[in-house]
Amino acid sequence: MLNEMEKIDDSCDKATLHMKIPFNCAREAEIAYNSLRVDSEPKRSQVLRSLSVDGTALVIDLIAPDARQIRLSMNSLLDHVLLVQKVISKFSAKS
């Protein structure tokens, strides 16, 4: 079974973005991944999003028909990442 990222025809011109966001440890990266993976792109969106964890980093891949859609999706996703980072830091400060 192919995931959404593998369904893209490589011959098409698409805007892509690959980003790694570092965390303090692998556990924090997993928490961020699990928090963000449940929030999918809106059905009308043409953006394909893939999230994964690579060691202590959250890996984000986006593919869209144009750069504008990448920017809109990334802005929203980064807002969520910042919120997750703030929550993680609040809980780790209380430990």
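An unreviewed UniProt entry lists the chain under the name EKC/KEOPS complex subunit LAGE3, with Orchesella dallaii given as the organism. Within the UniProt record for the chain, the comment given under Sequence similarities (unreviewed entry) is "Belongs to the CTAG/PCC1 family."

In terms of helices and strands, the chain carries 2 helices and 3 strands. In the chain, which comprises 95 residues, the share counted as buried stands at 31%. In the chain, once contacts between residues fewer than 6 apart in sequence are set aside, the share between residues at least 24 apart is 64%. When the accessible surface of the chain is split by element, carbon and sulfur atoms take 52% of a total near 6,700 Å².

Along helix H1 (residues 26–36), the residues that are buried comprise Glu28, Ala29, Ala32 and Leu36. An end-on view of H1 places all buried positions within 100° of arc, on one side of the element.

What follows is about the pairing of strand S3 (residues 57–64). Of all 8 residues making up S3, 8 are buried, and the element is well covered by its neighbours. The two faces of S3 match: Ala57, Val59, Asp61 and Ile63 on one face and Leu58, Ile60, Leu62 and Ala64 on the other face are all buried. Here 8 bridges tie strand S1 (residues 15–22) to S3, and the two strands are oriented antiparallel to one another. Bridge pairing links Ile21 to Leu58 in S3. Where strand S2 (residues 48–54) lies against S3, 7 bridges are found, and the strand directions are antiparallel. When the bridges of S3 are listed, Ser52 appears paired with Val59. Between S2 and the antiparallel strand that follows it, S3, lie 2 residues; Gly55 among them carries a positive phi value of about 65°.

Turning next to the layout of surface pockets. Each pocket or cavity is described by its volume, and for the second largest pocket that value is around 270 Å³. The wall of the second largest pocket is formed by 15 residues, among which Glu41, Pro42, Ser45, Leu72 and Ser73 lie closest to the centre. Among the elements that line the lining of the second largest pocket, the one with the most residues is helix H2 (residues 67–94), at 6 residues. Here the lining of the second largest pocket is built from residues that sort into 4 nonpolar, 7 polar and 4 charged.

Next up on the list: the confidence of the model for the chain. Scored by pLDDT, the chain has a mean of 86; 85% of the residues are at 70 or more. Within the model, the stretch residues 1–9 combines pLDDT values under 50 with 12 contacts to residues more than four positions away or in other chains.

Attention now moves to the environment of Ser76. Relative to the assigned elements, Ser76 resides in helix H2. As for Ser76 and Glu41, which are separated by 35 residues in sequence, their C-alpha atoms are 9.9 Å apart.

What counts, and at which threshold
- For every chain, the first residue of the written sequence is number 1, and numbering continues from 1 onward in sequence order.
- Since the coordinates come from a predicted model, pLDDT governs what is reported: local features require at least 70, and pairs of side-chain atoms require 80 or more to be given and counted, while whole-chain, interface and lining totals use all residues.
- With hydrogens and water set aside, each side-chain value is computed from the structure's full complement of heavy atoms.
- UniProt positions are given in the numbering used here, feature names are shortened, and annotations may be inferred rather than shown by experiment.
- Helix and strand assignments come from DSSP, with helices taken as H or I runs of at least 4 residues and strands as E runs of at least 2, each series counted from the N terminus.
- Burial here depends on accessible area, computed with a 1.4 Å probe over protein chains only, as a share of the maximum for the residue type. Under 20% is buried, over 50% is exposed, and the range in between is partly exposed.
- Only heavy atoms matter for contacts: two residues are in contact if any of them lie within 4.5 Å across the pair.
- Working definition of accessibility: Shrake-Rupley area with a 1.4 Å probe, residue cover restricted to the visible protein chains.
- Taken from the helix axis, the directions to the C-beta atoms give the arc we talk about.
- If DSSP finds at least two bridges between two strands, the strands pair.
- For each structure, a 1 Å grid was placed over the protein atoms alone; sets of points admitting a 1.4 Å probe that cannot get out are labelled cavities, open sets with protein on both sides within 12 Å along at least five of seven lines are labelled pockets, and lining residues have an atom within 4 Å of a point.
- Grid points are joined across faces, edges and corners, and a volume is the space filled by probe spheres set on the points.
- Any residue that is not Ala, Val, Leu, Ile, Met, Phe, Trp, Tyr, Cys, Pro, Asp, Glu, Lys or Arg is counted as polar, Gly included; the first ten are nonpolar and the last four charged.
- You can read pLDDT as the predictor saying how much it trusts each residue, on a scale of 0 to 100.

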